[in-house]
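An overview of the molecular structure
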Amino acid sequence: MTDRADVKGRIFGLIDQFNKKGIEVSEETRFAQDLEWDSLTVLDFVAEVEDEFDILITMNQQAEIENVGQLVDAVAGMVK
Amino acid sequence: MTDLFTKFDDLIKTREDLLSTGVTDPFNLVMEKVLSPTVAICNGRETILLGTYNYMGMTFDPDVIQAGKDALDNFGSGTTGSRVLNGTYAGHKACEEALRDFYDMDGAMVFSTGYLANLGVISTLAGKDDYIILDIDSHASIYDGCAMGNANVIPFRHNDIEALEKRLKRLPEDAGKLVILEGVYSMLGDVAPLDKMVPLAKKYGAMVLVDEAHSMGFIGENGRGVCEAQGVIDDVDFIIGTFSKSVGTVGGFCVSNHPKFEILRLVSRPYVFTASLPPSVVATAATSIGKLKHAKAKRDHLWENSKRLHGGLKKLGFQLGTEDPQSAIIAVIMPDLEKGAAMWEALLNEGLYVNLARPPATPANMTLLRCSLCALHSDEQVGEILGMFERAGRATGCID
Ligand SMILES: Cc1ncc(COP(=O)(O)O)c(C=O)c1O
């Protein structure tokens, strides 16, 4: 069983590893604008999330995800 | 009214800032005269060309030029129609025959550019419920083909075999899958580990498409590309290529042994809904491809040139895109766009043209001076080129 809270905790943990600027993270935090991640960082981060949950996140899905909360929802939906 | 150009304001500003430093606009160079595949007149000055894709120097080949002239005389200046209506002439068929012969494959389709070949094959093969797994550094035409077909697109880290396998493993077993790779990646000039990646794709039931735009004519025993050199060409389902590089004209193609390949002519929109290549172009392409087949001596000389330039630039202290020479592209990594533009201009003043590449075309936001060699660069020219790099590098502080 993986519930949303568990997914959220693990995703926050992964974000920490890439959050070089030490920006405070909430569900509203946006990846491009707030965390200022470039495309290579996004690629590596997505790969980490995919490995952590053993899922695939397509580019089409990524395009819909702007902030942390949306990612948690999407991942929670996939690991159900 | 919202001005639809507002979205380009940042780019306009970056350009203005760069040009306000007084540097020559690197994206506005005009070749006033072209003397040979390796020399042109730019700004009234004789300039060595080290930034073209004319790898095999076919653009002034007398047989190629004669074939083009004959076709102009006999078939006119253009076809004024689509390949599937009035736009297929004997020359288009002969060109496809030359490709089948060159690659030793059953099927060949000629498109109007390489860009359209990627668009036309990828978007048609991989649709809404299919999966495309591709290298993150893939060419724009590959990404555009993916977007046009609406497939599920999954990128993996550049040339990372393990990252590819992890993604293949997670795909639904019965889904349609297409793995897209390139032989030579044009920004850094590095080669893909196709000998590992192609068998992996097959193991997980995926079809494989390899874009060999920058290797055709040069890499591999018969010039068929990296998949030939690494011994996996028989497992590749589709090879995409272009006439705009080694072949020395314009146009694109796909070759394949798939038994149903021909149906693409009816369903591929970038094949159907655009005019076919002019007769002179397919005639020059067919003649050039025929000669490339037997160009072993030129291939050897191009390797020698590439190795010598790579070694020489490294010795001067430049940072290069690859540790060792892997193709005819040698990328010199610049610290930033400003330094890159200054170095580009200093080289031009020395009489050398190279390509300035900057984000977003480049990986990892790099600014690159991309050098691509030609089989017809003489030993003396390569020596001159190294001297120019040394002087320009010192003058701009890129090397000490
Ligand atoms: C890898 C790759 N594929 C396709 C193309 C497109 O070729 P063309 O110039 O024929 O449109 C290019 C050339 O820019 C390329 O580098």
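Residues numbered from 1 in each chain as written. Chains lettered and ligands numbered in written order. Predicted model: local features only at pLDDT ≥ 70, side-chain atom pairs only at ≥ 80, totals over all residues. Heavy atoms only, no water.

Some points on the packing of helix α6 (residues 161-170) of chain B against helix α7 (residues 194-203) of chain B
All names here are of chain B. At their nearest, the axes of α6 and α7 sit 10 Å apart, and the two run at 10° to each other. In terms of their interaxial angle, α6 and α7 are classed as roughly parallel. Note on element contacts: α7 touches α6 through Lys196, Met197, Leu200, Ala201 and Lys203, opposite Ile161, Leu164, Glu165 and Leu168. Taken together, the residues of the contact of α6 with α7 sort by class into six nonpolar, no polar and three charged. (Axes fitted to C-alpha atoms, helices over the stretch in contact; angles between N-to-C directions. Helix = DSSP H or I, 4+ residues; strand = E, 2+ residues; numbered from the N terminus. Parallel < 35°, antiparallel > 145°, perpendicular 65-115°, else oblique. Contact = heavy atoms within 4.5 Å. Nonpolar A, V, L, I, M, F, W, Y, C, P; charged D, E, K, R; others polar.)

Some remarks on the interface of chain A and chain B
Each side of the interface is counted separately: chain A has 13 residues, and chain B has 15 residues. Here chain A and chain B share an interface that buries about 1300 Å² over both sides, 56% of which is from carbon and sulfur atoms. Ranking the residues of chain A by area buried against chain B places Leu43(A), Leu56(A) and Met59(A) at the top, with a combined share of 42%. The interface formed by chain A and chain B includes five salt bridges. Here Arg170(B) makes a salt bridge to Asp54(A), at a shortest N to O gap of 2.8 Å. Scanning the region where chain A abuts chain B turns up nine residue pairs in polar contact (both at pLDDT 80 or more). Secondary structure elements with two or more residues in the side of chain A that touches chain B: α2 (39-53) and α3 (59-64) of chain A. When residues of the side of chain A that touches chain B are assigned to their parent elements, the largest contribution, six residues, is made by α2(A). Along the lines of polarity and charge, the residues of the side of chain A that touches chain B split into six nonpolar, two polar and five charged. (Buried area = accessible area lost by both parts, 1.4 Å probe. Salt bridge = Lys/Arg side-chain N within 4 Å of Asp/Glu carboxyl O. Polar contact = N/O pair within 3.5 Å; in protein donor to acceptor, adjacent residues only side chain to side chain.)

Section: the layout of surface pockets
All names here are of chain B. The space that makes up the second largest pocket amounts to roughly 290 Å³. The set of elements that each furnish at least two residues to the lining of the second largest pocket consists of β7 (177-182) and α9 (264-267). Residues of the lining of the second largest pocket, tallied by class, amount to 11 nonpolar, three polar and four charged. (1 Å grid on protein atoms, 1.4 Å probe; cavity = no way out; pocket = protein on both sides within 12 Å on 5 of 7 lines; lining within 4 Å. Points joined across faces, edges and corners; volume = space filled by probe spheres on them.)

Remarks on the site of the ligand
Residue and element names in this part refer to chain B. Near the ligand lie 14 residues; those nearest to it are Gly114, Asp211, His214, Thr242 and Lys245. Contacts to the ligand include Tyr115, whose backbone N or O atom sits 2.8 Å from an oxygen atom. His214 places a polar side-chain atom, nitrogen or oxygen, 2.7 Å from an oxygen atom of the ligand. For the shell around the ligand, the class distribution of residues is two nonpolar, nine polar and three charged. (Near = heavy atom within 4 Å.)

Examining the pattern of salt bridges
In the structure shown here, the tally under the stated rule is 32 salt bridges over all chains. Residues Glu36(A) and Lys21(A) are paired through a salt bridge, measuring 2.9 Å at the closest nitrogen-oxygen approach. Of this pair, Glu36(A) sits in the loop between α1 (4-18) and α2 while Lys21(A) sits in the loop between α1 and α2, and the two are 15 residues apart along the sequence. In this structure Glu36(A) comes out as partly exposed when scored by relative accessible area, which is 48%. Residue Asp237(B) is joined to Lys202(B) by a salt bridge in which the shortest nitrogen-to-oxygen separation is 2.7 Å. Residue Asp237(B) is located in the loop between α8 (226-229) and β11 (238-242), and its partner Lys202(B) is located in helix α7; the two are separated by 35 residues in the primary sequence. One network of salt bridges, in which partners are shared, links Asp51(A), Asp54(A), Glu162(B), Lys166(B) and Arg170(B). (Buried < 20%, exposed > 50% of the residue type's maximum accessible area, 1.4 Å probe, protein only.)

Some words on the sheet that holds strand β1 (residues 31-36) of chain B
Residue and element names in this part refer to chain B. On the basis of which strands lie adjacent, the open sheet formed by four strands has the order β1-β2-β3-β14 and mixed pairing. Strand pairing shows two members of the sheet lacking a second neighbour, β1 and β14 (352-353), which therefore form its edges. In this sheet, strand β3 (residues 45-49) lies alongside strand β2 (residues 39-42) in antiparallel orientation, the contact comprising four bridges. When the bridges of β3 are listed, Ile41 appears paired with Glu46. Each of β2, β3 and β14 touches helix α14 (residues 379-396); the most contacted strand, β3, lies at about 105° to it. (Pairing = 2+ DSSP bridges.)

Quick look at the nonpolar core
Residue and element names in this part refer to chain B. Among the nonpolar cores identified, the biggest contains 95 residues, and Leu99, Phe243 and Phe389 are the most heavily contacted of them. Of the residues that make up this core, three or more belong to each of domain 1 (23-56 + 296-396) and domain 2 (61-292). Setting aside residues up to four positions removed in sequence, Phe389 forms contacts with Leu50, Leu313, Leu316, Phe318, Val332, Met343, Leu347, Leu352, Val354, Cys371 and Ile399. (Core = buried A, V, L, I, M, F, W, Y, C linked by side-chain atoms within 4.5 Å. Domains from an automatic or database assignment.)

Let's talk about the packing of α2(A) against α6(B)
One can describe the packing of α2(A) onto α6(B) by two numbers: an axis separation of 12 Å at closest approach and a directional angle of 45°. Classified by the interaxial angle, the pair formed by α2(A) and α6(B) is oblique. Handedness of the crossing formed by α2(A) with α6(B): left-handed. Along its contact with α2(A), which presents Ala47(A), Glu50(A) and Asp51(A), the element α6(B) presents Lys166(B), Arg167(B) and Arg170(B). Residue composition of the contact of α2(A) with α6(B), grouped by class: one nonpolar, no polar and five charged. (Left-handed = near helix turned anticlockwise from the far one by under 90°.)

With respect to the packing of aromatic side chains
For the structure shown, the criterion picks out 16 aromatic pairs over all chains. Between Phe31(A) and Trp37(A), the ring centres sit 5.5 Å apart and the planes meet at 40°, which makes this aromatic pair tilted. Take Trp37(A): its relative accessible area is 10%, and that puts it in the buried class. Residues Phe218(B) and Trp303(B) carry aromatic rings whose centres are separated by 4.7 Å and whose planes lie at 45° to one another, so their mutual orientation is tilted. (Phe/Tyr/Trp six-rings, centres within 6.5 Å; stacked < 30°, edge-to-face > 60°.)

A short note on α14(B)
Residue and element names in this part refer to chain B. For α14, spanning 18 residues, the distance from its first C-alpha to its last is 26 Å, which sits close to the expected 26 Å at 1.5 Å a residue. When α14 is considered as a whole, its buried residues turn out to be Gln381, Val382, Ile385, Leu386, Gly387, Met388, Phe389, Ala392, Gly393 and Thr396. Following α14 by one or two positions, Gly397 has its phi on the positive side, about 75°. (Expected span 1.5 Å × (residues − 1).)

As for the domain arrangement of chain B
Residue and element names in this part refer to chain B. Segmenting chain B into domains produces domain 1 (23-56 + 296-396) and domain 2 (61-292). On a C-alpha basis, the centroid separation for the pair domain 1 and domain 2 is 27 Å. Tallying the contact residues gives 23 residues for domain 1 and 20 residues for domain 2. Summing the contributions of domain 1 and of domain 2, the shared interface buries around 1800 Å²; its carbon and sulfur component is 62%. Counting the contacts that link domain 1 with domain 2 gives zero salt bridges. The interface formed by domain 1 and domain 2 includes six residue pairs in polar contact (both at pLDDT 80 or more). Per-element tally for the side of domain 1 that touches domain 2: the top contributor is helix α12 (residues 296-316), with five residues. Along the lines of polarity and charge, the residues of the side of domain 1 that touches domain 2 split into 13 nonpolar, seven polar and three charged.

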